[in-house]
Amino acid sequence: PCDAQREPPPPTQVPPDGSENQEIPDEAGFNDLYEFLVAAGVSEGLSEDVVEKVESAEEASGQELNQNSWPNIVPTALFIDNLRNSTGLNIEILGGRNTVWRHGGEISPHMQFSAIDITMRGSDRQFIQLMQICYEYWRDNGRSERMGLGFYLDRQSGQTASDPESWDIERQIHIDFNSLR
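Analysis parameters
Residues numbered from 1 in each chain as written. Predicted model: local features only at pLDDT ≥ 70, side-chain atom pairs only at ≥ 80, totals over all residues. Heavy atoms only, no water. Salt bridge = Lys/Arg side-chain N within 4 Å of Asp/Glu carboxyl O. Helix = DSSP H or I, 4+ residues; strand = E, 2+ residues; numbered from the N terminus. Buried < 20%, exposed > 50% of the residue type's maximum accessible area, 1.4 Å probe, protein only. Axes fitted to C-alpha atoms, helices over the stretch in contact; angles between N-to-C directions. Parallel < 35°, antiparallel > 145°, perpendicular 65-115°, else oblique. Left-handed = near helix turned anticlockwise from the far one by under 90°. Contact = heavy atoms within 4.5 Å. Nonpolar A, V, L, I, M, F, W, Y, C, P; charged D, E, K, R; others polar.

Just checking my understanding: could you explain the pattern of salt bridges for this structure?
Any two side chains of opposite charge can pair, given that their charged atoms come close. Here the structure, examined in full by the defined rule, presents 5 salt bridges. The salt bridge partner of Arg-121 is Glu-92, with a shortest N-O separation of 3.3 Å. Of this pair, Arg-121 sits in the loop between strand E2 (115-120) and helix H4 (124-141) while Glu-92 sits in strand E1 (residues 91-93); the two residues are 29 residues apart in sequence, bridging distant segments of the chain. Under the relative-accessibility criterion, Glu-92 is labelled partly exposed at 25%.

Help me out: how do you make sense of the packing of helix H3 (residues 74-87) against H4 in this one?
Packed helix pairs are characterised by how far apart their axes lie and by the angle those axes make with each other. Across the interface, H3 lies against H4 with an axial gap of 12 Å and an inter-helix angle of 130 degrees. When the axes of H3 and H4 are compared, the pair comes out oblique. The element H3 and its partner H4 pack so that their crossing is right-handed. The segment H3 lies against H4, with Phe-79, Leu-83 and Thr-87 engaging Leu-130, Ile-133, Cys-134 and Tyr-137. Per-class residue counts for the contact of H3 with H4 are 6 nonpolar, 1 polar and no charged.

In short, the description is geometric, and any link to function would need to be established separately.
What follows is the structure, encoded as C-alpha cells:
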C-alpha cells in the first residue's frame, strides 16, 4: 500500500503556454474537449475521465456544456493530476449520469465547470491523508488561488434512509478553482 506524501502538490495555475486562450471550434464535440484539456497540460487519463463524465451528464440532463466554460476546469484538473502523481493513490472523479455533473444552481462551481468531486479506493487512513494534503494546500494557497474545498460523506443512490445498515457511503472531496464566490 502507498502512503500519501504529506506535502501538497505543486501549484495548479494554467500553463503559461497560452492554452487557456486556445481557440475552441464552433461545433466542438467531446473529442475537441479532450484535445483542449490535453493541450492545457491535463493528463490523457484524467482528460478521458472528464470527457466521459461530461458526456454522461449531458445525456442525462439534455443540456450541453457551454464550450466557453472549458478553460474553467483546467486548474482543478491539473490539481487532481498533481494529487494523483504526488500520492500514487487511486483517485477517481465523480459525476456523470447519476449526478448530472454534480448538483448546484447557476452560480455553483459545478455549473461553471470549475469543480470536480473526487473519491478514492483505499483505506480510511489513506483517504484521511488525502484529505489532509488537500486541506494543507487550501490552507496555504486557497485564498490566493480562489480555491474551494469541501469534504463529504454521501449515501449512494438507490438506498433508503430507513435502512442505514445497507448504506454504501461514498467519501468525497470537492475541489474547485477560480469559481465565482
